[in-house]
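Summary of structural features
Residues per chain are reported as follows:
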Amino acid sequence: MSQSDPQPLRAGPGDIAVRDVALSATKDLRARVLRNHIPGSPAHTPSDDLADTWHLGAFRGDRLVGVVTVFPQDAPGHPGVPAQRFRFMAVEPSEQGTGAGSALMKEVIGRARARGDRLLWANGRDTALDFYVRLGFEVADESFTESNLPHHVVVRRIS
Ligand SMILES: CC(C)(COP(=O)(O)OP(=O)(O)OC[C@H]1O[C@@H](n2cnc3c(N)ncnc32)[C@H](O)[C@@H]1OP(=O)(O)O)[C@@H](O)C(=O)NCCC(=O)NCCS
């Protein structure tokens, strides 16, 4: 390829904008990305209905390509320490690996820090643990099964 040839277009994290979304906007990605292995299984939990629950969307242009839901809850082993838990972290399959998940997590970390929280945590799928470790999370020792898949708790200090 000569220097004058156009470079192939490749989506990147700079193209991603993160903003608040309604619970209803998260449902399609939740179902398709996180419940595809157990069709019909609900992608809704009581934590969705808490007063302090918030939902973020990652957008490429006008297209919603990633979602996450966050709410206050003590982290396992850290009672009384201000913490946010996140659930239903899902990126459109065709967009995975292009920065949407990191952009969502960085926004969650920044907002949680601004709220005065000290910890951020989740039940992380084993297949996603390396993603969380890259973002500064520590992986707890104990493994458990959730939604038929192996998980570990992941925790990140944010202060
Ligand atoms: C896991 C997930 C949320 C990550 O979001 P993403 O947008 O694909 O991740 P990013 O593009 O921001 O990746 C950031 C880095 O983590 C890496 N990474 C992403 N997903 C990974 C995974 N599952 N395992 C290991 N590394 C991963 C990327 O290669 C990238 O590395 P780099 O910085 O060296 O380029 C997304 O892939 C997804 O929705 N997966 C399926 C559902 C899922 O597992 N959700 C989490 C449930 S706990």
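Residues numbered from 1 in each chain as written. Predicted model: local features only at pLDDT ≥ 70, side-chain atom pairs only at ≥ 80, totals over all residues.

Let us look at the sheet that holds strand β5 (residues 119-125). Note: strands within a sheet are paired through backbone hydrogen bonds, in either parallel or antiparallel orientation. Ordered in space as β1-β2-β3-β4-β5-β7-β6, the 7 strands form an open sheet in which the pairing is mixed. This sheet does not close on itself; its edge strands, each paired only once, are β1 (16-20) and β6 (138-146). Here the average twist between neighbouring strands, direction ignored, is 25°. For β6 and strand β7 (residues 149-157), the ladder comprises 6 bridges, and the chain directions are antiparallel. Following the sheet pairing, Glu146 is matched in β7 by Leu149. (Pairing = 2+ DSSP bridges. Helix = DSSP H or I, 4+ residues; strand = E, 2+ residues; numbered from the N terminus. Axes fitted to C-alpha atoms, helices over the stretch in contact; angles between N-to-C directions.)

Val91, Gln96, Gly101, Ser102 and Asp130 are the nearest of the 19 residues found near the ligand. Put simply, the parts of the chain that give the shell around the ligand at least two residues each are α1 (23-34), β4 (83-91), α2 (100-115), β5 and α3 (129-134). For the shell around the ligand, the per-class residue count stands at 8 nonpolar, 8 polar and 3 charged. (Near = placed C-beta within 6 Å. Nonpolar A, V, L, I, M, F, W, Y, C, P; charged D, E, K, R; others polar.)

This next bit is on unusual backbone geometry. The bulk of non-glycine residues show a negative phi, and the bulk of peptide bonds are trans. Positive phi is not limited to glycine here, since Ser147 has a value of about 50°. Along the chain, Ser147 falls in the loop between β6 and β7. At Asn148, a residue that is not glycine, the phi angle is positive and equals roughly 70°. Assignment of secondary structure puts Asn148 in the loop between β6 and β7.

Mean pLDDT over the protein stands at 92; residues scoring 70 or higher make up 91%. Under a pLDDT of 50 for its full length, residues 1-8 has, in the predicted model, 0 contacts with residues more than four places off or in other chains. (pLDDT = per-residue confidence, 0-100. Contact = placed C-beta atoms within 7 Å.)

Here we come to α2. It helps to recall that an α-helix has 3.6 residues per turn; residues three or four apart then point in one direction. Taking 1.5 Å of rise per residue, 16 residues should cover 22 Å, and α2 covers 23 Å from first to last C-alpha, within 8% of that figure. The complete set of buried residues in α2 reads Ala100, Gly101, Ala103, Leu104, Met105, Val108 and Ala112. Where α2 is buried, its residues touch β1, β2 (54-60), β3 (63-72), β4, β5 and α3. Two residues or fewer after α2 comes Gly116, characterised by a positive phi angle close to 95°. (Expected span 1.5 Å × (residues − 1). Buried ≥ 20, exposed ≤ 12 C-beta atoms within 10 Å, placed from the backbone.)

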